[in-house]
There are 2 protein chains.
Amino acid sequence: MKRKIKTMEEFAEVSGISRPTISKYFNDPESVRRSTRDRIEVALEAYSYRPNIFAINQNRKLTKTIGIVVPYLADPFFAEIVRLMERRCMDAGFSPMIFSAHGEQRLENDALAALQSQRPAGALIAPLGRHSDFESVRRFTEEVPTVVFDSNIKVGEAFVGSDSFQSIPLIVDYLCRSGEPPCFLEMPPVNPNANKRRDAYILAMERLGHDPKVIRVDGNGWDFERIGMDEGTRLISKKELPSETVLCSNDRLAIGFIAAAYQQGLRVGHGAGCALRVAGHDDHPWARFTCPPLTTVAQDYSAIVDRSVEKLFDLIENGRTEEERLEVLIECKLVLRSSA
Amino acid sequence: MKRKIKTMEEFAEVSGISRPTISKYFNDPESVRRSTRDRIEVALEAYSYRPNIFAINQNRKLTKTIGIVVPYLADPFFAEIVRLMERRCMDAGFSPMIFSAHGEQRLENDALAALQSQRPAGALIAPLGRHSDFESVRRFTEEVPTVVFDSNIKVGEAFVGSDSFQSIPLIVDYLCRSGEPPCFLEMPPVNPNANKRRDAYILAMERLGHDPKVIRVDGNGWDFERIGMDEGTRLISKKELPSETVLCSNDRLAIGFIAAAYQQGLRVGHGAGCALRVAGHDDHPWARFTCPPLTTVAQDYSAIVDRSVEKLFDLIENGRTEEERLEVLIECKLVLRSSA
DNA sequence: ATGAAATTTTTACTCCCGTAAAATTTAAAC
DNA sequence: GTTTAAATTTTACGGGAGTAAAAATTTCAT
């Protein structure tokens, strides 16, 4: 015949413990004496009361919420990163809150506004990049301790991402050593990474004494596979490829390109009888399931997540310091499969 | 020299309008006279004030939050559904909140608890299914108006999903008519859909006078592609496939299976010189980029989202009725590509 | 048992906004 | 220029928990 407990006041009553102590308990169970903790927990089982989160956050300067914002959640790269980040945050006692910009500036701004209204303790954001409303994002980071990842726009307390100038030479070297030097397939860059990759490609090729060949195809939006397939089809059928080795700006583009090659009857791979070698970048979760499996450069998902989250926790605990903005560049690893 | 406006009281002061009216404005801008609305909006630009969401929700019986819970966000099917749902909710003036169970019962329960503590106006949930803590989910739906989608466990006010007994016959018929009758490749079912699909397969085959052949492979978790590839490799190399036409329980499994076939040197497709036909189910976003492109049955993403969201809005507006639980089954469409 | 230290209880104020009721002002209608 | 209806202002309370300060109690070592 348990009555419904709605407030902490009521719970204090039925548990026989004063409200301030109950409050202390919920903020940190270790902060009350063992015996009272036990009494509270017994009552808790009997009445299953949970404090009202809105009332809690109303008085707290900083909540336990951590915002995670990505440019496109349906991209498996971000889906996977978010998955790992969410886990880390929960393990540390925070409540992650996920937002996606769906590739649109307006929605990114909306997401940041919605997040900010939650007064989060901190935020992990991968900005749209080129399409971000820079001022908007900067204003956000003024109010909320923020670690930026993946796409390095110069806001927030820190950046964590992969080092294109390390990763691209890896794959370029390999491709040059094992066959015809690659051309570079890119689409209009959605973020700074895309530019860095192209620049890194050019640099790497020149270092090796080869002539860099960049193919910029059309297409916008986040349908990378479709762009890779459509433009790949066009390039192949019109024989406009300057090299039989194609390094794609990212794996999703490569997946589309491989599909195009397949449909045109070109065999992709490094073996005998193959007409084309294709490589990507990122080691997307699906890269190992292409036909043939994709040779690529793997971003270190765990490291990106770990470093980002660590830095954010540090910011939350110790506050912002006057130190210079931290930039963590993480090494990538070459992943050799059979596409190149 | 604008001072920081933190409360509605202060904003009322600087805008020269009373607080209750400001409050009305934020609840519905149309509810105040044109002239005052203008005055408020002018002040709003000058001071960029936003009401504190916690204080708001503390007093409202029902918030503007809508929870979206999926079993695995990194699955492109759910990523896409979530994307569409989020959009619809925002357009209707709600704040969607996304949760993923990451395939684990404990995390599903955590997500539901976290969501419930937000006192959402309603929830759209795709339960884990077989691995759901049924009682937990049921309790949740008692407190929160809920539409269940994709996986029909019998809780909540309504279910919206695809009709396996309509979709599977479509593809079975087609496969039988165009070649050898298919065997059915499934993994241990993660949700009721998987069972229905198998049963529908058996039924469809029997109707056509063929002998149904179900292959149940091992594997758990949500790495469907990996399971499809590993088990496909095994089945092919050991020649254990009872038919040269393979209908996979879902597209992700099929993607893995196709990769396996490719690596074993088997040509997939319906043309001459092809050793194997492979078909899937769902029309995942990546299905068109397999090699060869995947023949499958398309779930109607928009319809699923539309119907779910409509019903939820109806529930929120009109409250729960005593009517029977609504079950909406949406038709699928055959998508013929070249894999079968 | 005694004193000191650690906890808990009491009391009371704060956070920021929703909202109801009564009083007042404004706008529209005739 | 009334009359009326509509909108706004005033005033006041409530929601549920954080938190500070002082008083009371418990714990533990000596």
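Residues numbered from 1 in each chain as written. Chains lettered and ligands numbered in written order. Predicted model: local features only at pLDDT ≥ 70, side-chain atom pairs only at ≥ 80, totals over all residues. Heavy atoms only, no water.

> Quick question: what am I supposed to make of the relation of the copies chain A and chain B here?
Each of the two chain copies can be brought onto the other by rotation about an axis and movement along it. The two copies are related by a screw operation: chain A maps onto chain B through 180° of rotation and 0.1 Å of translation along the axis, at an RMSD of 0.2 Å. Classification of the inter-copy transformation places it as that of a two-fold axis. The rotation axis passes nearest to the C-alpha of A:Phe54 in chain A, at a distance of 2.4 Å. Here 100% of the contact residues of chain A are again contact residues in chain B; the copies associate through an equivalent surface. (Least-squares fit on C-alpha atoms with pLDDT ≥ 70 in both. Contact = heavy atoms within 4.5 Å.)

> Can you walk me through the protein's contact with DNA strand C in this structure?
In the region of DNA strand C, 23 residues are neighbours, and A:Thr36, A:Asn59, B:Met8, B:Ser23 and B:Tyr49 sit closest. Of what DNA strand C places within 4 Å of the protein, 65% of the atoms are sugar or phosphate. Backbone polar atom of A:Arg33 to a phosphate oxygen of DNA strand C: 3.0 Å apart, as the coordinates give it. Here a base oxygen of DNA strand C sits 2.8 Å away from a polar atom, N or O, in the side chain of B:Asn59. Only helix H2 (19–27) and helix H4 (53–59) of chain A together with helix H2 (19–27) and helix H4 (53–59) of chain B provide two or more residues apiece to the surface near DNA strand C. (Near = heavy atom within 4 Å. Polar contact = N/O pair within 3.5 Å; in protein donor to acceptor, adjacent residues only side chain to side chain. Helix = DSSP H or I, 4+ residues; strand = E, 2+ residues; numbered from the N terminus.)

> Got a minute to help me understand the protein's contact with DNA strand D in this structure?
Not every one of the 24 residues close to DNA strand D is listed here, only the nearest: A:Met8, A:Ser23, A:Tyr49, B:Thr36 and B:Asn59. Within 4 Å of the protein, the atoms of DNA strand D are drawn from sugar and phosphate moieties in a proportion of 59%. B:Arg19 places a polar side-chain atom, nitrogen or oxygen, 3.5 Å from a base nitrogen of DNA strand D.

> Is there a simple way to think about the interface of chain A and chain B in this case?
Interfaces are often sized by the accessible area lost when the parts come together. Between chain A and chain B, the contact holds 47 residues from the first and 47 residues from the second. When the buried area of chain A at its contact with chain B is split by residue, A:Phe54, A:Trp286 and A:Phe289 rank highest and sum to 18% of it. Summed over the shared surface of chain A and chain B, the result is 3 salt bridges. Here A:Glu104 makes a salt bridge to B:Arg87, at a shortest N to O gap of 3.0 Å. Our count for the contact surface shared by chain A and chain B stands at 6 residue pairs in polar contact (both at pLDDT 80 or more). Of all the elements in the fold, those that place two or more residues in the side of chain A that touches chain B are H4, helix H5 (76–91), strand S2 (95–100), helix H6 (105–116), helix H10 (224–237) and helix H11 (251–263) of chain A. The biggest single contributor to the side of chain A that touches chain B is H11(A), with 7 residues. When its residues are assigned to classes, the side of chain A that touches chain B shows 23 nonpolar, 10 polar and 14 charged. (Buried area = accessible area lost by both parts, 1.4 Å probe. Salt bridge = Lys/Arg side-chain N within 4 Å of Asp/Glu carboxyl O. Nonpolar A, V, L, I, M, F, W, Y, C, P; charged D, E, K, R; others polar.)

> Honestly, the domain arrangement of chain A in this entry has me stumped. Any pointers?
All names here are of chain A. What the domain assignment reports for chain A is domain 1 (8–51), domain 2 (65–161 + 302–330) and domain 3 (164–298). Between domain 2 and domain 3, the C-alpha centre-to-centre distance is 29 Å. Both faces combined, the contact of domain 2 with domain 3 buries some 1,200 Å², and carbon together with sulfur accounts for 56% of it. Sorting the residues of domain 2 by area buried against domain 3 places Tyr72, Pro76 and Arg130 first, and these three jointly supply 38% of that buried surface. The tally of links between domain 2 and domain 3 comes to 1 salt bridge. In this structure, the salt-bridge partner of Asp75 is Arg252, at a minimum N-O distance of 2.7 Å. Seen at the junction of domain 2 and domain 3, the total is 3 residue pairs in polar contact (both at pLDDT 80 or more). (Domains from an automatic or database assignment.)

> Explain the side chain of B:Ser308 to me, please; I cannot follow it from the model alone.
Residues and elements named next belong to chain B. Along the chain, Ser308 turns up in helix H12 (residues 301–318). The class of Ser308 is buried, set by a relative accessible area of 0%. Setting aside residues up to four positions removed in sequence, Ser308 forms contacts with Met85, Leu124, Val147, Phe149 and Val160. (Buried < 20%, exposed > 50% of the residue type's maximum accessible area, 1.4 Å probe, protein only.)

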